[in-house]
Amino acid sequence: MTRRWSDALTATGGLALVVVALTLVPRPWWTALASSGPVLTLVAVSLAALATGLLLRRRATPDHPASAAPTPPDRQVRPLPSWVIPAGVAVVAVVTWAAVAWLQRSVPTSGDGLQRAQLRVESIRTGLTIGAAAAGAFALLLAFRRQQLAERTQQATEYDAGEKRVTELYLQAADQLGSDKAPVRLAGLYALERLAQGNPIHRPSIVEVICAYLRMPYTPPGTRSTPADPAPATTGPDPTAVDPREERQVRLAAQRILARHLRPTTQNAAPDPSYWGPAVVLDLAEASLVNVDFTGCHLRNADFTSATFHGGARFQEATFHGAANFTFAAFVGGTISGDVMSLGDASFRGATFHDSAVFDYTTFHGVTDFDGAVFGGEAWFIELTCFNGARFSGATFHHRAVFAGGDFHHGTRFDQATFHGDADFGGVDFHHGVTFSLLYHNGIRFDGARFNGDAEFDGATLNGESYPAPPPAELAALAYPIEYARLLRAQGASLGTIATKTGIRETSLHRYLAEPTPTTRETEDQLTGGR
């Protein structure tokens, strides 16, 4: 705003001086000026150059992000060379002399002597006026420079004071995080949040402080300590010990602060002014997170290596820009991450899911790595899409694993994976080959699966017996579900098993397993498409 006022005042002052100078020029000189083409061309070129310079200067002005803190000075103001003032005086003298000489030569040589004398006096007066105008313009430029220096000094002073205040608040908030009292730690977190909201340049460092706090060791209340880390013996209650229940509330607040400022839009799909932008990177390696909720957040190069997620972990409708690293992470509670978009590589290598894991409708654009992952509960990957390869080598599924409707590109590997429950690959599209050297302990379904490439089942076993490839009847189950249901019934399978393998509801199976009737034949035609 100050710069705009400065530009406006400079232009107004210069224009006023030009108008004053022009009003003092006699009319005969206007006629002489109009008859001189080169002079008019020079004036037009000068005005065009002046306008172009002002436009380029305004365009070159750097834009600062919205901030409550003072902004640093735009540019360095160089000292004025010592020869500028003498040169300016010389320029004013030359301009005055040139104006007087030019006007003197314009005086007519013929006519009344008195009139010529008056014209010469007027020409001298006009030339001196032009010289005075030039001197005034030079003085105005010097005054403008002094104003610039004063404004820059004031701006630098305000910026230094603002930075000092920010540093003091930053250190005070960081000091509060080290307190043994939960309310003081909460106050420190909210002070950091307010500081980051008003100072965009400090947001990455403030986020790093909050992440560092979450990386501190923490054991939630009710969690058993491991024999490798026995609790130290105490003779009595420690008054300085941190209450784990209070610490839980502090960590929940820290997680909510991070999530609140990682959502670029509001619930109404409008831009969120509290969004801290793409410069924020989460480094939560080895962090202890409690009921974390990053629903709708945009995470960039997020690192959750060896992190422990206590309780639920929600990543619904989240978007990961860059790498998403969950290597050796432990999910103690349920994991819900449906409709996630990962634009880079995603690594869950060696991760442990103690409860159910839901990755329904998730899209991975980079390499997807679940090598060595352990799924203690049910694993749901319904309509999972992997565009750049998926690896589940050495993964262990202790309960049901559902990959129905998935779409896998550029090779998929399930070699040395172990399924202790049912494995459902119904309707999955495998592009560019898939490897299944698996160990099944229950059932497996490939109803309607499409293999657009090599499908290797070398070394695969089902209940201790060799499983070289899916049975033809099992692959045709989606096309002929009723015939397959009758085949399973003839083999002595239960209604529940038949419903699971064919996709027909158990309440409707008795109709199709009975003797065919016109009604059942019509229904069969609808299910099979008239085949």
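Residues numbered from 1 in each chain as written. Predicted model: local features only at pLDDT ≥ 70, side-chain atom pairs only at ≥ 80, totals over all residues. Heavy atoms only, no water.

In terms of regular secondary structure, the chain is built from 13 helices and 30 strands. Classification of the 531 residues of the chain by burial places 37% in the buried group. By sequence separation, contacts in the chain at least 24 residues apart represent 33% of the contacts at least 6 residues apart. Looking at the chain as shown, the accessible area adds up to about 29,200 Å², and 59% of this sits on carbon and sulfur atoms. (Helix = DSSP H or I, 4+ residues; strand = E, 2+ residues; numbered from the N terminus. Buried < 20%, exposed > 50% of the residue type's maximum accessible area, 1.4 Å probe, protein only. Contact = heavy atoms within 4.5 Å. Areas by Shrake-Rupley, 256 points an atom, 1.4 Å probe, with all protein chains shown as cover.)

So, on to the pattern of salt bridges. When the charged atoms of two side chains lie near each other, side chains of opposite charge can form a pair. As enumerated under the stated definition, the model contains 14 salt bridges in all. Across the pair Asp-369 and Arg-391 runs a salt bridge, and its minimum N-O distance is 3.1 Å. With Asp-369 in strand E12 (residues 368-369) and Arg-391 in strand E16 (residues 390-391), this residue pair connects regions lying 22 residues apart in the sequence. Looking at Asp-369, the relative accessible area reads 5%, which means it is buried. Close ionic contact of Arg-445 with Asp-424 constitutes a salt bridge, the shortest N to O distance being 3.5 Å. With Arg-445 in strand E26 (residues 444-445) and Asp-424 in strand E22 (residues 423-424), the pair connects residues that are 21 residues apart, well separated along the chain. A residue is classified by how much of its surface remains accessible, and Asp-424, at 9% relative accessible area, is buried. The network of salt bridges with common partners includes Arg-349, Asp-369, Asp-371 and Arg-391. (Salt bridge = Lys/Arg side-chain N within 4 Å of Asp/Glu carboxyl O.)

What follows deals with a nonpolar patch on the surface. A cluster of nonpolar residues, Leu-80, Ile-85 and Val-89, forms a patch on the protein surface that exposes about 270 Å² of accessible area. Its place among the elements puts Val-89 in helix H4 (residues 84-105). (Patch = residues over 30% accessible without salt bridge, like charges linked within 9 Å, V, L, I, M, F, W, Y side chains within 5 Å.)

Examined against the element boundaries, His-321 turns out to sit in strand E4 (residues 319-325). For His-321, a relative accessible area of 18% corresponds to the buried category. Beyond its immediate stretch of four places on either side in the chain, His-321 contacts His-298, Leu-299, Arg-300, Asn-301 and Leu-343.

This brings us to the confidence of the model for the chain. For the chain, the mean per-residue pLDDT works out to 79, and 73% of the residues sit at or above 70. Long-range and interchain partners of residues 59-66, a stretch whose pLDDT sits below 50, account for 6 contacts in this model, where long-range means more than four residues apart. (pLDDT = per-residue confidence, 0-100.)

Counting across every chain of the model gives 50 aromatic pairs. The interplanar angle of 0° and the centroid separation of 4.8 Å between the aromatic rings of Phe-353 and Phe-375 together place this pair among those described as stacked. Taken together, the positions of Phe-353 in strand E9 (residues 352-353) and Phe-375 in strand E13 (residues 374-375) put the pair 22 residues apart, joining distant regions of the chain. No difference in accessibility class separates Phe-353 from Phe-375, as the two residues are buried. Each ring, one from Phe-403 and one from Phe-414, has its centre 5.5 Å from the other, and the planes form 90°; the classification is edge-to-face. (Phe/Tyr/Trp six-rings, centres within 6.5 Å; stacked < 30°, edge-to-face > 60°.)

To continue, consider the nonpolar core. Formed by 83 residues in total, the largest nonpolar core has its most connected members in Phe-309, Phe-315, Phe-403, Phe-419 and Phe-425. Of all the secondary structure elements, the ones that give two or more residues to this core are helix H5 (113-177), helix H6 (182-198), helix H7 (203-214), helix H8 (244-260), strand E1 (288-293), strand E2 (298-303), strand E3 (308-314) and E4. Element by element, the count of residues in this core is highest for H7, at 7 residues. Among the nonpolar cores identified, the runner-up in size contains 8 residues, and Ala-493, Ile-498, Ala-499 and Leu-509 belong to it. (Core = buried A, V, L, I, M, F, W, Y, C linked by side-chain atoms within 4.5 Å.)

Within the sequence span of helix H12 (residues 506-513), burial applies to Ser-508, Leu-509 and Tyr-512. Summarising the axial view, the buried residues of H12 lie within an arc of 120°, below the 170-degree limit, and thus occupy one face. H12 presents Thr-507 and His-510 as exposed residues on the side facing more than 90 degrees away from its buried surface. (Arc of directions from axis to C-beta.)

Consecutive residues of a regular strand have side chains that alternate between opposite faces of the sheet. Across 5 bridges, E2 lies against E4 in parallel orientation. The residue of E4 that forms the bridge with Arg-300 is His-321. As defined by bridge partners, E4 adjoins strand E7 (residues 341-342) across 2 bridges and the pair is classed as parallel. Looking across to E7, one finds that Thr-319 is bridged to Met-341. Strand direction decides the pairing type here: E4 and strand E8 (residues 346-347), joined by 2 bridges, are parallel. Opposite Ala-324, over in E8, you have Ala-346 as the bridge partner. (Pairing = 2+ DSSP bridges.)

Okay, the side chain of Thr-327 next. As for its position among the elements, Thr-327 is in the loop between E4 and strand E5 (330-331). Residue class for Thr-327 comes out buried when judged on its relative accessible area of 13%. Of note is the side chain of Thr-327, whose polar atom sits 2.6 Å from the side chain of Asn-325. Reaching out from Thr-327, the side chain makes a polar contact with the side chain of Ser-347 at a distance of 2.9 Å. (Polar contact = N/O pair within 3.5 Å; in protein donor to acceptor, adjacent residues only side chain to side chain.)

At a minimum axis distance of 7 Å, the contact between H5 and H6 shows a crossing angle of 150°. By the angle between their axes, H5 is roughly antiparallel relative to H6. Once H5 is placed against H6, the crossing between them reads as left-handed. Contacts from Val-166, Leu-169, Tyr-170, Ala-173, Gln-176 and Leu-177 of H5 reach H6 at Val-184, Arg-185, Ala-187, Gly-188, Leu-189, Ala-191, Leu-192 and Leu-195. Of the residues in the contact of H5 with H6, the class split is 11 nonpolar, 2 polar and 1 charged. (Axes fitted to C-alpha atoms, helices over the stretch in contact; angles between N-to-C directions. Parallel < 35°, antiparallel > 145°, perpendicular 65-115°, else oblique. Left-handed = near helix turned anticlockwise from the far one by under 90°. Nonpolar A, V, L, I, M, F, W, Y, C, P; charged D, E, K, R; others polar.)

Mapped onto the fold, Leu-195 is located in helix H6. A C-alpha to C-alpha distance of 8.3 Å links Leu-195 and Ile-206, two positions 11 residues apart in sequence. What Leu-195 contacts, discounting residues up to four positions off in sequence, is Val-166, Leu-169, Tyr-170 and Ile-206.

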